[in-house]
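Residues per chain, in single letters:
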Amino acid sequence: ALIWNTTGNNNVAVGYMAAWSNSLASGTVAIGVNAAAGIGSGYSNKGGAYLGYNSGYSASSSSDYNTLLGYQSGYLVSSGANNIIIGAATTTTGGITTGKNNILLGLGVRYGLSQTGSNQLNIGNLIFGTSVAGGNNFSSGKVGIGTTTPNQTLSVVGSINSYGNSAGYYIQGNKILYASSTNGSTLVGDGAGSALKGSTFDNVAVGYQSLHLATSS
């Protein structure tokens, strides 16, 4: 562990070849065989957390503040920095290399991933995000469910199912779409049918505040 280390402070390395080639480590924790071993000798980085066999195996200089947790997690991360990768990887191909500020959660998730891309989100190869931000920075990105290329703040490929008597589609807190198979009513528009009770049946209201005063119909 830390065999090439000559300068640095506040490091913890446990396991054969853990942080092996890191000659200038600072605030680094590497636990596991080959964790943050590095390619060649003499790389330097800081603030990394590596836990698991082969986690961060390819670490090189400038790969600061990576958090890689799990068997072979972040195996290919070389100069990529500020990445969070949680989950075991059963293969060593297809992962982040030089990309930065990525968040990957799940078993070997890499579907739709750019190895050199930055600010990507992938949760279980189901939920994807772009322009992920860190620190006190607001993210201007987009989230996709079932799509790696969301083109709106939220993009969904597939159907959306809402439950409950008050379920519906809202914009800025205002319900603009409601349909019920229980009472057979369909309401479209801001405030449409807002006073109707669940015991009323077979109403159709289309337009701004249409039927909004009706309590029974």
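Residues numbered from 1 in each chain as written. Predicted model: local features only at pLDDT ≥ 70, side-chain atom pairs only at ≥ 80, totals over all residues. Heavy atoms only, no water.

A. Inspection of the overall build of the protein chain at higher detail. Counting its secondary structure elements, the protein chain contains zero helices and 17 strands. Taking 217 residues into account, the globule formula puts the C-alpha radius of gyration at 17 Å, and the protein chain, at 25 Å, lies well above it. The principal-axis extent of the C-alpha atoms belonging to the protein chain is close to 80 × 30 × 25 Å. Per-residue burial over the protein chain gives 35% buried out of 217 residues. For the protein chain, long-range pairs separated by at least 24 residues make up 2% of all intrachain contacts whose partners lie at least 6 apart in sequence. (Helix = DSSP H or I, 4+ residues; strand = E, 2+ residues; numbered from the N terminus. Rg over C-alpha atoms; globule rule 2.2 N^0.38 Å. Buried < 20%, exposed > 50% of the residue type's maximum accessible area, 1.4 Å probe, protein only. Contact = heavy atoms within 4.5 Å.)

B. Focus on the environment of asparagine 10. Within the fold, asparagine 10 resides in the loop between β1 (7-9) and β2 (12-14). For asparagine 10, a relative accessible area of 66% corresponds to the exposed category. Spatially, the C-alpha atom of asparagine 10 lies 34 Å from that of glycine 124, the residues being 114 residues apart in sequence. Residues within four places of asparagine 10 in sequence aside, it is in contact with Gly27 and Thr28. Within the structure, the side chain of asparagine 10 is placed 2.9 Å from the side chain of asparagine 9, a separation counted as a polar contact. (Polar contact = N/O pair within 3.5 Å; in protein donor to acceptor, adjacent residues only side chain to side chain.)

C. Just empty space enclosed by the protein, in detail. The full count for this structure, using the stated rule, is one cavity of 30 Å³ or more. When its volume is computed, the largest cavity comes out at roughly 200 Å³. Every residue lining the largest cavity is counted, 21 residues in all, and those nearest its centre are Gln72, Gly74, Ala89, Gly95 and Gly108. Class assignment for the residues of the lining of the largest cavity results in ten nonpolar, ten polar and one charged. (1 Å grid on protein atoms, 1.4 Å probe; cavity = no way out; pocket = protein on both sides within 12 Å on 5 of 7 lines; lining within 4 Å. Points joined across faces, edges and corners; volume = space filled by probe spheres on them. Nonpolar A, V, L, I, M, F, W, Y, C, P; charged D, E, K, R; others polar.)

D. Representation of a nonpolar patch on the surface in the model. Together, Leu126, Val143, Ile145, Leu154, Val156 and Ile160 line one region of the surface with nonpolar side chains, adding up to about 510 Å² of accessible area. Relative to the assigned elements, isoleucine 145 resides in strand β12 (residues 143-145). On the basis of relative accessible area, isoleucine 145 is assigned to the partly exposed category, the value being 33%. (Patch = residues over 30% accessible without salt bridge, like charges linked within 9 Å, V, L, I, M, F, W, Y side chains within 5 Å. Areas by Shrake-Rupley, 256 points an atom, 1.4 Å probe, with all protein chains shown as cover. Salt bridge = Lys/Arg side-chain N within 4 Å of Asp/Glu carboxyl O.)

E. Looking closely at the pairing of strand β5 (residues 43-46). Taking every second residue as pointing to the same face, the buried face of β5 carries Tyr43 and Asn45, while none of Ser44 and Lys46 on the other face is buried. Alignment of strand β3 (residues 22-26) against β5, held across four bridges, turns out to be parallel. Following the sheet pairing, alanine 25 is matched in β5 by asparagine 45. (Pairing = 2+ DSSP bridges.)

F. Spatial organisation of the packing of aromatic side chains. All told, the structure shown has four aromatic pairs when counted by the stated rule. A ring pair is formed by tyrosine 57 and tyrosine 75, whose centres lie 5.0 Å apart and whose planes are at 5 degrees; its orientation type is stacked. One end of the pair, tyrosine 57, is in the loop between β6 (49-51) and β7 (67-69); the other, tyrosine 75, is in the loop between β7 and β8 (84-86), and 18 residues separate them in sequence. Measuring from ring centre to ring centre gives 6.3 Å for tyrosine 111 and phenylalanine 128, while their planes differ by 50 degrees; the resulting arrangement is tilted. Here the residue tyrosine 111 occupies a position in the loop between β9 (103-105) and β10 (121-123), and phenylalanine 128 occupies one in strand β11 (residues 127-129), the gap between them amounting to 17 residues. Classification of tyrosine 111 by relative accessible area gives exposed; the value is 56%. (Phe/Tyr/Trp six-rings, centres within 6.5 Å; stacked < 30°, edge-to-face > 60°.)

G. Structural detail: the sheet that holds β1. Taken in spatial order, the three strands of this open sheet run β1-β3-β5, and their pairing is parallel. Each edge of the open sheet carries a strand with a single partner, namely β1 and β5. Neighbour-to-neighbour, the strand axes of this sheet turn through a mean angle of 20 degrees, independent of strand direction. With three bridges joining them, β1 and β3 adopt parallel strand pairing. Bridging across to β3, threonine 7 finds its partner in leucine 24. (Axes fitted to C-alpha atoms, helices over the stretch in contact; angles between N-to-C directions.)

H. A look at unusual backbone geometry. With a phi close to 50 degrees, alanine 19 is a non-glycine residue in the positive phi region. Structurally, the position occupied by alanine 19 is in the loop between β2 and β3. In this structure alanine 19 comes out as buried when scored by relative accessible area, which is 1%. If you check the backbone angles, asparagine 101 has positive phi at about 60 degrees while not being a glycine. Its location among the elements puts asparagine 101 in the loop between β8 and β9. On the basis of relative accessibility, which here comes to 29%, the residue asparagine 101 falls in the partly exposed class.

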